[in-house]
Every structure is written in structure tokens, then in C-alpha cells.
Amino acid sequence: MTNTPILWKSDIERIKKSGYFKENISITDALIENFYQEIMGEEEKTLIDLLMQENPSQVKLDELIKKWDIEVKQGDKNLLLAYLIKSHPELHATSYEEPRLKGLLSHQRFSNLKIIAHYTKIGKELNKHKITPLIFKGGLMRFLNPDFPRYMGDIDIMVQKNEWKKSAKIAKSLGYWYKKSDVHSFDILENKESEYGILDIHNFIYIGTRNEKKWIKDLFERAVEKDVYGVRALIPSYEDLMFITLLNLASNLRENKCRAGILYSIFDCKFLLENKTDFDWNIVIEDAKTAGCEVQINFATKFINKISNDILPKEFNNTIFEKETNDYSRMIMFTNFYYSELQEKCRAMKIQDVVKHPKTFGEYIKLKTKYKTLKMLNRHPRLIEIFIKDLKTCCYNIEK
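Computed from a predicted structure; not experimentally measured.

Engineer: Got a minute to help me understand the pattern of salt bridges in this structure?
Structural biologist: Side chains carrying opposite charge are able to pair once their charged atoms draw close together. On inspection of all chains with the given rule, the structure shows 15 salt bridges. Note that Asp-240 is salt-bridged to Arg-222, the shortest N-O span being 2.9 Å. Residue Asp-240 is located in helix α10 (residues 238–254), and its partner Arg-222 is located in helix α9 (residues 212–222); the two are separated by 18 residues in the primary sequence. Residue class for Arg-222 comes out partly exposed when judged on its relative accessible area of 30%. Here Glu-225 and Arg-232 are joined by a salt bridge, their closest N and O atoms 3.5 Å apart. The class of Arg-232 is partly exposed, set by a relative accessible area of 32%.

Engineer: Even after reading the chapter, I still don't get a positive patch on the surface, so can you show me in this structure?
Structural biologist: Taken together, Lys-165, Lys-169, Lys-172, Lys-180 and Lys-192 make up a surface patch of like positive charges. Of all the elements, helix α8 (residues 164–173) adds the most residues to the positive patch, at three residues. Along the chain, Lys-192 falls in the loop between β4 (185–189) and β5 (197–202). When its relative accessible area of 56% is taken as the criterion, Lys-192 is described as exposed.

Engineer: How should the side chain of Asn-112 be read in this particular structure?
Structural biologist: Following the sequence through the fold, Asn-112 ends up in helix α6 (residues 97–128). Take Asn-112: its relative accessible area is 2%, and that puts it in the buried class. Sequence-distant contacts of Asn-112, that is, excluding residues within four places in its chain, are made with Arg-142, Arg-150 and Met-152.

Engineer: When you look at the packing of α9 against α10 in this model, what are you seeing that I'm missing?
Structural biologist: If you want to describe how two helices pack, look at the angle between their axes and the distance between the axes. Where α9 meets α10, the closest approach of the two axes is 9 Å, and the angle between their N-to-C directions is 140 degrees. Between α9 and α10, the angle falls in the class oblique. Only Asp-240, Phe-243 and Ile-244 of α10 make contact with α9, whose side of the interface consists of Trp-215, Leu-219 and Arg-222. By residue class, the composition of the contact of α9 with α10 is four nonpolar, no polar and two charged.

Engineer: Even after reading the chapter, I still don't get the environment of Ala-233, so can you show me in this structure?
Structural biologist: Within the fold, Ala-233 resides in strand β7 (residues 231–235). We classify Ala-233 as buried; its relative accessible area is 0%. Measuring from C-alpha to C-alpha, the distance between Ala-233 and Pro-133 comes to 5.2 Å, with 100 residues separating the pair along the chain. If near-sequence neighbours (up to four positions away) are discounted, Ala-233 is found in contact with Tyr-119, Thr-132, Pro-133, Ile-135, Val-224, Glu-225, Lys-226 and Val-228.

Thresholds applied
- Residues numbered from 1 in each chain as written.
- Predicted model: local features only at pLDDT ≥ 70, side-chain atom pairs only at ≥ 80, totals over all residues.
- Heavy atoms only, no water.
- Salt bridge = Lys/Arg side-chain N within 4 Å of Asp/Glu carboxyl O.
- Helix = DSSP H or I, 4+ residues; strand = E, 2+ residues; numbered from the N terminus.
- Buried < 20%, exposed > 50% of the residue type's maximum accessible area, 1.4 Å probe, protein only.
- Patch = residues over 30% accessible without salt bridge, like charges linked within 9 Å, V, L, I, M, F, W, Y side chains within 5 Å.
- Areas by Shrake-Rupley, 256 points an atom, 1.4 Å probe, with all protein chains shown as cover.
- Lys, Arg positive; Asp, Glu negative; His and termini not counted.
- Charge placed at Lys NZ, Arg CZ, Asp CG, Glu CD.
- Contact = heavy atoms within 4.5 Å.
- Axes fitted to C-alpha atoms, helices over the stretch in contact; angles between N-to-C directions.
- Parallel < 35°, antiparallel > 145°, perpendicular 65-115°, else oblique.
- Nonpolar A, V, L, I, M, F, W, Y, C, P; charged D, E, K, R; others polar.

Right under this line is the structure:
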């Protein structure tokens with residue numbers, strides 16, 4: 001590979017920006033730093049600092065608002081700013097931002113209530129059929145921490161495997177529509193023409209390790225039954241919720257999506273720790289071992305610690321898992337920085353289009369050759385390790 005690099009200059013520049021070519025830095029730390037810089041602009045860093053403080057400063061808020069463009073920032077991030085001001089009545093935004101932020105809070109609260117109403121209607125009917133759903137993700141965190149606003153596209157519930165199809169049919173009997181989104185989930189829509197779902201019914205939580213069954217069994221056994229928005233539902237233990245939150249955080253980082261949602265995960269972790277005095281980290285560790293997700297949990301905790309050392313206890317940081325984390329990081333670098341984008345380009349290029357436009361034939365061959373070469377490496381950690389090591393040598397030579 002050194003003699004015939006299969007990367008383009010743009011690829012090399014993206015890898016260099018990640019910080020991986022710096023001396024004495026691991027690939028995992030380079031990726032964590034890269035994600036941190038992409039997600040946490042100066043304004044986001046200031047906002048998080050203010051949200052973490054017991055008595056945030058009006059002076060610091062004024063400095064933030066001077067830089068914060070409410071029209072440009074994502075709604076999720078604006079919602080966090082609105083929450084900061086709501087939770088600290090002594091703080092004030094300008095006459096331009098404050099009414100808009102209050103309006104955003106009101107609008108989101110109303111949107112949440114609409115989704116919750118659908119959940120309640122379907123959930124009560126499930127209860128009549130002796131089905132007790134387990135609720136998790138944003139819908140549950142909204143219930144546990146109602147003062148903390150969040151965007152909720154839908155509410156996620158999980159039922160036993162033998163209740164899964166029956167639950168979807170029960171929703172349909174109430175006038176809703178359902179479609180299978182994947183092997184473990186039904187999307188429940190208001191009607192056949194709806195573009196987005198309002199409820200997601202799972203028969204298990206897909207982790208990708210093939211160790212889901214044992215962990216899910218433990219999850220149900222530790223869950224407690226409560227009235228959730230008028231529905232008899234199961235609530236996972238705070239430790240299991242922490243595990244799910246960390247797992248989702250790792251997934252969102254790996255898949256390069258839901259950037260604002262990642263910040264919400266940080267505060268969910270903080271809330272879970274602050275609201276259970278006897279929080280048992282050993283359960284989180286056992287979850288990770290049972291599910292085979294030690295590396296993902298390690299990666300997520302490293303990212304949280306990059307944002308703040310005051311969220312996760314030092315005792316847990318000393319027991320997190322280092323095994324194979326660099327393999328995991330290489331896979332992320334390989335996928336995120338060039339493979340996935342190249343895959344999309346190649347899938348969009350059709351041979352019939354090349355026949356119609358012969359001038360594109362050279363580009364077609366170049367893309368396809370590069371894609372086929374990289375595809376051979378995909379999902380093979382050892383091959384990717386060799387590739388990444390050679391890449392570092394290759395790029396040093398190019399710089400010289």
C-alpha cells in the first residue's frame with residue numbers, strides 16, 4: 001500500500017484533521033478528540049459549562065448569546081439554551097432571543113404531549129390484552145425528568161417476542177397503521193399515509209453482538225412496574241438505562257448522526273447518577289460483559305470524560321475496558337472517513353449511465369476499483385489495522 005496508496009488527497013486531509021498523525025496519541029484518543037471538536041464548537045462548550053454549573057453566571061450567558069445564532073443552531077441545541085434559562089429564573093436572554101426560546105419550549109412540550117397521547121391510547125389497549133410494555137429511550141427519560149425538554153420523534157417500547165406481532169395488530173385495531181422497519185421493530189404510524197411513526201414496538205434491542213437475549217432477560221427481570229403516562233409499563237433500572245444511554249451514545253458517534261442528541265445523552269447520564277444514591281456501576285459492567293459491548297461502553301465513557309470529568313465517578317473510569325478498543329476505533333475511522341461515503345457514491349453510479357456518458361468511464365473505473373479494494377478490508381479488524389498503520393507511514397512520506 002505504501003508504494004501505491006489507495007487514498008486520495010482529500011482522504012488524507014480528513015485523516016490528518018482527526019489528529020491521528022500526531023506523535024504519542026492513540027487512534028482512540030484521536031477519534032475522541034475529532035468527535036469532540038466536530039460536535040462541541042466554542043458556543044456548545046460554553047453552553048455545556050453553564051448547564052453543569054449550580055450557579056451559572058449572567059455575564060457568561062451574555063457572552064454566549066452574543067455568539068449564539070438562534071436562527072442557525074439546531075433546534076435541539078436551542079432547546080438546551082432554553083432549558084438553561086428556564087431552570088435558572090435569575091438568568092435572562094435578550095428581548096430577541098428570550099420570547100423565541102420560550103416559544104420553542106412551549107411548542108416542544110405540546111408536540112411531546114401529542115406523541116404521549118398516542119402512546120397512552122395504544123398502551124392502555126395493550127394492558128387490556130395483558131401486555132405490559134417496557135418503555136425506554138427518550139420517552140422514558142421525558143417521564144423521569146419532565147422538566148428537561150427533548151425532541152421526541154416517537155416513543156420506544158419493548159414487548160416479549162411472543163407479544164410483538166400481536167401488539168402491532170392491537171395498534172392497527174385502534175385505527176393506526178404499522179410497518180416492519182427491521183427484524184426487531186414495528187413502526188406505528190397514525191395512518192397509512194403518515195411519513196413518520198409515533199411509536200416504535202421492539203421485540204429486542206439490537207446491539208450487533210448476537211448476545212442480546214441474555215442481557216434482555218436480565219433487563220426485564222430488573223425492571224419495575226409503574227404507571228407511565230397512564231399505562232401500566234415496565235421501567236428499567238437506572239443502571240440498565242445508563243448502559244442503554246452509553247450504548248446509544250457510542251452508536252451515534254460511530255454512525256456520525258444525531259449530533260445534538262449526543263449532548264442530551266450527557267445530561268441523561270448526569271440525571272441517572274444524581275437521582276439514585278445507591279447506583280451500582282457493577283450492573284453496568286455486567287451488562288457490557290453479558291452483551292459483549294465492553295469496547296462501545298469504553299468509547300462512550302471516554303467521550304463523556306472529554307466533555308467533563310465531573311459526570312462519571314473515577315472508580316468507574318478505573319475499571320472500564322481497554323481490550324480491543326483500538327480495533328473498534330480503526331473500524332470507525334475506516335468507515336466514517338472514507339469507506340461509507342465512497343460506498344454511497346458507487347451505489348449511485350449505474351453502468352447504464354456510464355454507457356450514455358462515456359466521458360465518465362474513467363471516473364467510474366477509478367471509484368469502483370477503490371471501492372472494491374476497500375470493501376475487502378471492511379469488517380476485518382486485522383486487515384484494517386495493517387491498512388491504518390501503513391496509511392500513517394504513507395502519509396508521513398507524502399508530507400516529506
